[in-house]
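# Chain and residue survey
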Amino acid sequence: MKSNLLFFFILSVLLTACGGDSANDAASSSASAEESGSAATGSSAAGEVAELRIEGNDLMQFNLKQMEVTAGQRVRLTLVHTGQMPAETMGHNWVLLAQGTDMADFGTKAAAARDNGYIPPSEEGKVIAHTEIVGGGEQTTIEFDAPPAGDYTFICSFPGHYALMNGTFTVKPG
Ligand code: ZN
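Residues numbered from 1 in each chain as written. Predicted model: local features only at pLDDT ≥ 70, side-chain atom pairs only at ≥ 80, totals over all residues. Heavy atoms only, no water.

### Describing the pairing of strand S8 (residues 166–172)
With respect to burial, S8 is a largely interior element, five of its seven residues being buried. With five bridges connecting them, strand S2 (residues 66–70) and S8 associate as parallel partners. Bridge pairing in S8 places Gln66 opposite Thr168. Pairing of strand S7 (residues 150–155) with S8, which is carried by six bridges, proceeds in the antiparallel orientation. Across the sheet, Gly150 pairs through a bridge with Val171, a residue of S8. (Buried < 20%, exposed > 50% of the residue type's maximum accessible area, 1.4 Å probe, protein only. Helix = DSSP H or I, 4+ residues; strand = E, 2+ residues; numbered from the N terminus. Pairing = 2+ DSSP bridges.)

What follows is the structure, encoded as structure tokens:
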């Protein structure tokens, strides 16, 4: 019952957002829908877009060690480089590795793949999703479908970064 109501509420927000002239109204409605959603269910539902943001800095650190979405969700992930150093010396990307991938082995091969954004062509089958490399003050956004439920590893594959810049991407059952 509750979730039916929520569904119709979200649907009406979406219809408003599609047909409305006022971007501000749509944005604030959408924000309150998100709040209601988390209050009612405790988490995002499958079918919604999961908006994620992660930051990298000049100290070779991500600001998150854990990220979480729900199976079946579309994921819109933005990587923001909050530092000032250029991509040539402190570049960051965000790479989601398939389960069972050896992070150190992948990182070593990635270091030799500068011309391919540090994504080694021989290992592309082990990459679920990845951003481009960004430097200080830049950001990039990607979209992908959440993989099946489970824990995955994400890294920055810029040479030497994965040992510090890694974390767990959890996909909860939908
Ligand atoms: Zn990095």
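### As for the sheet that holds strand S6 (residues 139–145)
Spatial strand order, S1-S3-S6: three strands in an open sheet with mixed pairing. Here the strands that pair on one side only, and so sit at the sheet edges, are strand S1 (49–56) and S6. On average, adjacent strands in this sheet sit at an angle of 20° to one another, irrespective of strand direction. Summarising the sheet, S1 and strand S3 (residues 74–81) pair through eight bridges and their orientation is parallel. Bridge pairing links Ala50 to Val75 in S3. (Axes fitted to C-alpha atoms, helices over the stretch in contact; angles between N-to-C directions.)

### Thoughts on the coordination of the zinc ion
Geometry reference: four tetrahedral donors at a metal, ideal angle 109.5 degrees. Six octahedral donors, ideal angles 90 or 180 degrees. Binding of the zinc ion to the protein goes through His92 (ND1), Cys156 (SG) and His161 (ND1), at separations of 2.1 to 2.2 Å. Taken in sequence order, the residues that donate to the zinc ion follow the motif H-x63-C-x4-H. Highlighted residues: His92 in the loop between helix H3 (87–90) and strand S4 (95–97) and His161 in the loop between S7 and S8, separated in sequence by 69 residues. His161 carries the same exposure label as His92, and that label is buried. (Donors = N, O, S within 2.8 Å, 3.2 Å for Na, K, Ca; no water.)

### Considering the sheet that holds S8
With respect to topology, five strands assemble into an open sheet ordered S2-S8-S7-S4-S5, the strand pairing being mixed. One side of each edge strand has no neighbouring strand; the edge strands of this open sheet are S2 and strand S5 (127–130). Geometrically, the sheet is characterised by an average inter-axis angle of 25° between neighbouring strands, direction not taken into account. By the bridge criterion, three bridges tie S4 to S7 in an arrangement that is antiparallel. Looking at S7, one finds that Leu96 is bridged to Phe154.

### Notes on the nonpolar core
Formed by 25 residues in total, the largest nonpolar core has its most connected members in Leu77, Trp94, Phe144 and Phe169. Those elements that place two or more of their residues in this core are S1, S2, S3, S6, S7 and S8. Sequence-distant contacts of Phe144, that is, excluding residues within four places in its chain, are made with Gln73, Arg74, Val75, Leu77, Trp94, Leu96, Ala129 and Phe169. In this structure, Leu97, Phe106, Ile119 and Val127 belong to the second largest nonpolar core, which totals eight residues. (Core = buried A, V, L, I, M, F, W, Y, C linked by side-chain atoms within 4.5 Å. Contact = heavy atoms within 4.5 Å.)

### Comments concerning the pattern of salt bridges
Per the counting criterion, the structure on display carries nine salt bridges. Two residues, Arg74 and Glu143, come together in a salt bridge whose shortest N-O distance is 3.0 Å. Here Arg74, found in strand S3, pairs with Glu143, found in strand S6; they are 69 residues apart in sequence, far enough to count as distant. In this structure Glu143 comes out as partly exposed when scored by relative accessible area, which is 39%. The residue Lys109 makes a salt bridge to Glu123 at a minimum N-O spacing of 3.5 Å. Taken together, the residues span a long stretch of sequence, with Lys109 in helix H4 (residues 103–111) and Glu123 in the loop between H4 and S5 at a distance of 14 residues. Taking relative accessible area as the criterion, Glu123 reaches 6% and is therefore assigned buried. (Salt bridge = Lys/Arg side-chain N within 4 Å of Asp/Glu carboxyl O.)

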